[in-house]
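Reading the structure
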Amino acid sequence: MFSVERYTSALWFAAERHDAQRFPGKEMPYLVHVVTVAAEVIAALPTSGLDGDLAVPCALLHDTVEDTKTTPDEIAARFGGAVADGVRALSKNPTLAKADQMADCLRRIREQPREVWAVKLADRISNLDEPPAYWPRDKRIAYRAEAQTILDALGAASATLAARLAARIESYAAYCG
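Summarised in this report is the structure supplied together with it. (Residues numbered from 1 in each chain as written. Predicted model: local features only at pLDDT ≥ 70, side-chain atom pairs only at ≥ 80, totals over all residues. Heavy atoms only, no water.)

Take the environment of Leu154 next. Following the sequence through the fold, Leu154 ends up in helix 9 (residues 137-154). Judged by relative accessible area, Leu154 falls into the buried class, the value being 0%. Between the C-alpha atom of Leu154 and that of Arg114, which follows or precedes it by 40 residues, the distance is 8.3 Å. Excluding anything up to four places from it in sequence, Leu154 contacts Leu106, Ile109, Arg110, Trp117, Lys120 and Leu121. (Helix = DSSP H or I, 4+ residues; strand = E, 2+ residues; numbered from the N terminus. Buried < 20%, exposed > 50% of the residue type's maximum accessible area, 1.4 Å probe, protein only. Contact = heavy atoms within 4.5 Å.)

Looking now at helix 1 (residues 4-18). Look at helix 1: 21 Å from first C-alpha to last across 15 residues, which is about the 21 Å you get at 1.5 Å a residue. When we look at burial in helix 1, the residues that qualify are Tyr7, Ala10, Phe13, Ala14 and His18. For helix 1, the angular spread of the buried residues around the axis is 135 degrees, confining them to a single face. Opposite the buried face of helix 1, at more than 90 degrees from it, the exposed residues are Val4, Glu5 and Trp12. Its buried side turned inward, helix 1 meets helix 2 (31-48), helix 3 (52-61), helix 4 (64-67) and helix 5 (72-79). Its side-chain oxygen at 3.2 Å from the backbone nitrogen of Glu5, Ser3 defines the N-terminal cap of helix 1. (Expected span 1.5 Å × (residues − 1). Arc of directions from axis to C-beta. Polar contact = N/O pair within 3.5 Å; in protein donor to acceptor, adjacent residues only side chain to side chain.)

What follows is the structure, encoded as C-alpha coordinates:
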(Lines give C-alpha, C1' and ligand atoms only; values in the text may rest on other atoms or scores of the structure.)
Protein backbone atom coordinates (compact mmCIF):
# COMPACT_ATOMS: atom_id res chain seq x y z
CA MET A 1 0.00 0.00 0.00
CA PHE A 2 0.97 3.64 0.11
CA SER A 3 0.43 6.69 2.24
CA VAL A 4 -2.26 9.05 1.02
CA GLU A 5 -0.41 11.91 2.71
CA ARG A 6 2.78 11.05 0.78
CA TYR A 7 0.76 10.81 -2.45
CA THR A 8 -0.86 14.20 -1.83
CA SER A 9 2.46 15.83 -0.97
CA ALA A 10 4.10 14.49 -4.14
CA LEU A 11 1.08 15.48 -6.24
CA TRP A 12 1.16 19.07 -4.97
CA PHE A 13 4.91 19.24 -5.58
CA ALA A 14 4.49 17.92 -9.13
CA ALA A 15 1.63 20.35 -9.79
CA GLU A 16 3.75 23.29 -8.64
CA ARG A 17 6.73 22.22 -10.73
CA HIS A 18 4.87 21.34 -13.92
CA ASP A 19 2.56 24.35 -13.48
CA ALA A 20 1.72 25.67 -16.97
CA GLN A 21 3.26 22.81 -18.95
CA ARG A 22 1.08 21.10 -21.53
CA PHE A 23 1.39 17.57 -22.81
CA PRO A 24 3.13 17.65 -26.22
CA GLY A 25 0.66 17.63 -29.10
CA LYS A 26 -2.33 18.10 -26.79
CA GLU A 27 -3.87 20.91 -24.80
CA MET A 28 -4.15 18.99 -21.54
CA PRO A 29 -2.08 20.00 -18.51
CA TYR A 30 1.08 17.92 -18.18
CA LEU A 31 -0.02 16.96 -14.68
CA VAL A 32 -2.57 14.60 -16.25
CA HIS A 33 0.35 12.51 -17.52
CA VAL A 34 2.05 12.10 -14.13
CA VAL A 35 -1.26 11.30 -12.43
CA THR A 36 -1.94 8.68 -15.11
CA VAL A 37 1.48 7.12 -14.51
CA ALA A 38 0.77 7.06 -10.78
CA ALA A 39 -2.64 5.46 -11.41
CA GLU A 40 -0.98 2.64 -13.39
CA VAL A 41 1.44 2.05 -10.53
CA ILE A 42 -1.31 2.15 -7.89
CA ALA A 43 -3.42 -0.33 -9.87
CA ALA A 44 -0.46 -2.74 -9.94
CA LEU A 45 0.34 -2.52 -6.21
CA PRO A 46 -2.01 -5.27 -4.97
CA THR A 47 -0.51 -7.89 -7.33
CA SER A 48 3.11 -6.76 -7.48
CA GLY A 49 4.45 -6.63 -3.94
CA LEU A 50 5.88 -3.19 -4.70
CA ASP A 51 6.42 -0.57 -2.01
CA GLY A 52 3.87 2.11 -2.85
CA ASP A 53 5.60 4.69 -0.67
CA LEU A 54 8.56 4.53 -3.06
CA ALA A 55 6.81 3.77 -6.36
CA VAL A 56 3.97 6.29 -6.17
CA PRO A 57 6.04 9.40 -5.35
CA CYS A 58 8.53 8.37 -8.04
CA ALA A 59 5.63 8.10 -10.48
CA LEU A 60 4.28 11.54 -9.62
CA LEU A 61 7.73 13.15 -9.70
CA HIS A 62 9.36 11.15 -12.50
CA ASP A 63 9.57 14.07 -14.95
CA THR A 64 10.33 16.92 -12.54
CA VAL A 65 14.12 16.75 -12.90
CA GLU A 66 14.03 16.12 -16.65
CA ASP A 67 11.36 18.68 -17.55
CA THR A 68 11.57 21.43 -14.92
CA LYS A 69 14.25 23.27 -12.95
CA THR A 70 13.80 20.88 -10.02
CA THR A 71 16.99 19.29 -8.69
CA PRO A 72 17.43 15.83 -7.20
CA ASP A 73 18.54 17.56 -3.98
CA GLU A 74 15.15 19.28 -3.70
CA ILE A 75 13.40 15.95 -4.12
CA ALA A 76 15.70 14.30 -1.57
CA ALA A 77 15.03 17.05 0.98
CA ARG A 78 11.27 16.67 0.59
CA PHE A 79 10.78 12.95 -0.19
CA GLY A 80 14.01 11.20 0.79
CA GLY A 81 17.05 9.84 -0.96
CA ALA A 82 15.40 6.74 -2.39
CA VAL A 83 12.76 8.79 -4.24
CA ALA A 84 15.42 11.24 -5.45
CA ASP A 85 17.59 8.36 -6.68
CA GLY A 86 14.60 6.86 -8.49
CA VAL A 87 13.66 10.15 -10.15
CA ARG A 88 17.29 10.72 -11.13
CA ALA A 89 17.46 7.27 -12.75
CA LEU A 90 14.18 7.91 -14.60
CA SER A 91 15.55 11.17 -16.03
CA LYS A 92 17.39 11.13 -19.34
CA ASN A 93 20.94 12.46 -19.31
CA PRO A 94 20.84 15.51 -21.61
CA THR A 95 24.65 15.50 -22.01
CA LEU A 96 24.48 12.24 -23.98
CA ALA A 97 23.59 11.90 -27.64
CA LYS A 98 19.84 11.36 -28.04
CA ALA A 99 20.51 7.90 -29.50
CA ASP A 100 22.31 6.87 -26.27
CA GLN A 101 19.92 8.35 -23.72
CA MET A 102 17.42 5.47 -23.43
CA ALA A 103 20.07 2.75 -23.04
CA ASP A 104 21.77 4.84 -20.35
CA CYS A 105 18.46 5.51 -18.61
CA LEU A 106 17.50 1.81 -18.63
CA ARG A 107 20.92 0.87 -17.24
CA ARG A 108 20.49 3.34 -14.37
CA ILE A 109 16.90 2.25 -13.72
CA ARG A 110 18.01 -1.39 -13.49
CA GLU A 111 20.38 -0.37 -10.68
CA GLN A 112 17.36 0.83 -8.68
CA PRO A 113 14.68 -1.12 -6.78
CA ARG A 114 11.85 -2.74 -8.78
CA GLU A 115 9.56 0.15 -7.82
CA VAL A 116 11.54 2.45 -10.12
CA TRP A 117 11.38 -0.12 -12.92
CA ALA A 118 7.59 -0.20 -12.49
CA VAL A 119 7.39 3.58 -12.91
CA LYS A 120 9.18 3.39 -16.26
CA LEU A 121 6.78 0.65 -17.40
CA ALA A 122 3.82 2.77 -16.29
CA ASP A 123 5.28 5.85 -17.98
CA ARG A 124 5.48 4.10 -21.33
CA ILE A 125 1.99 2.62 -20.88
CA SER A 126 0.73 6.17 -20.45
CA ASN A 127 2.76 7.45 -23.40
CA LEU A 128 1.50 4.80 -25.82
CA ASP A 129 -1.66 6.74 -26.42
CA GLU A 130 -2.39 8.25 -29.82
CA PRO A 131 0.83 9.94 -30.96
CA PRO A 132 0.93 13.59 -31.97
CA ALA A 133 -0.36 14.03 -35.52
CA TYR A 134 2.91 15.63 -36.59
CA TRP A 135 4.97 12.50 -35.78
CA PRO A 136 6.09 10.81 -39.01
CA ARG A 137 5.57 7.08 -39.48
CA ASP A 138 9.24 6.22 -38.85
CA LYS A 139 9.15 8.02 -35.47
CA ARG A 140 6.02 6.11 -34.46
CA ILE A 141 7.63 2.80 -35.43
CA ALA A 142 10.80 3.67 -33.49
CA TYR A 143 8.76 4.71 -30.45
CA ARG A 144 6.92 1.39 -30.49
CA ALA A 145 10.22 -0.50 -30.80
CA GLU A 146 11.63 1.50 -27.89
CA ALA A 147 8.60 0.49 -25.82
CA GLN A 148 9.43 -3.15 -26.52
CA THR A 149 13.01 -2.51 -25.38
CA ILE A 150 11.66 -1.04 -22.13
CA LEU A 151 9.36 -4.03 -21.65
CA ASP A 152 12.20 -6.49 -22.29
CA ALA A 153 14.53 -4.70 -19.88
CA LEU A 154 12.10 -3.98 -17.03
CA GLY A 155 9.08 -6.28 -17.39
CA ALA A 156 10.20 -8.45 -14.47
CA ALA A 157 9.27 -5.64 -12.08
CA SER A 158 5.54 -6.32 -12.32
CA ALA A 159 3.64 -8.92 -14.29
CA THR A 160 0.59 -6.65 -14.21
CA LEU A 161 2.41 -3.67 -15.71
CA ALA A 162 4.30 -5.87 -18.16
CA ALA A 163 1.01 -7.28 -19.47
CA ARG A 164 -0.49 -3.79 -19.72
CA LEU A 165 2.54 -2.53 -21.63
CA ALA A 166 2.55 -5.53 -23.97
CA ALA A 167 -1.11 -4.86 -24.78
CA ARG A 168 -0.42 -1.16 -25.39
CA ILE A 169 2.52 -2.01 -27.68
CA GLU A 170 0.23 -4.30 -29.66
CA SER A 171 -2.52 -1.69 -30.00
CA TYR A 172 -0.01 1.05 -30.88
CA ALA A 173 0.70 -0.85 -34.10
CA ALA A 174 -2.45 0.82 -35.46
CA TYR A 175 -0.55 4.14 -35.46
CA CYS A 176 2.44 2.69 -37.31
CA GLY A 177 0.55 1.66 -40.46
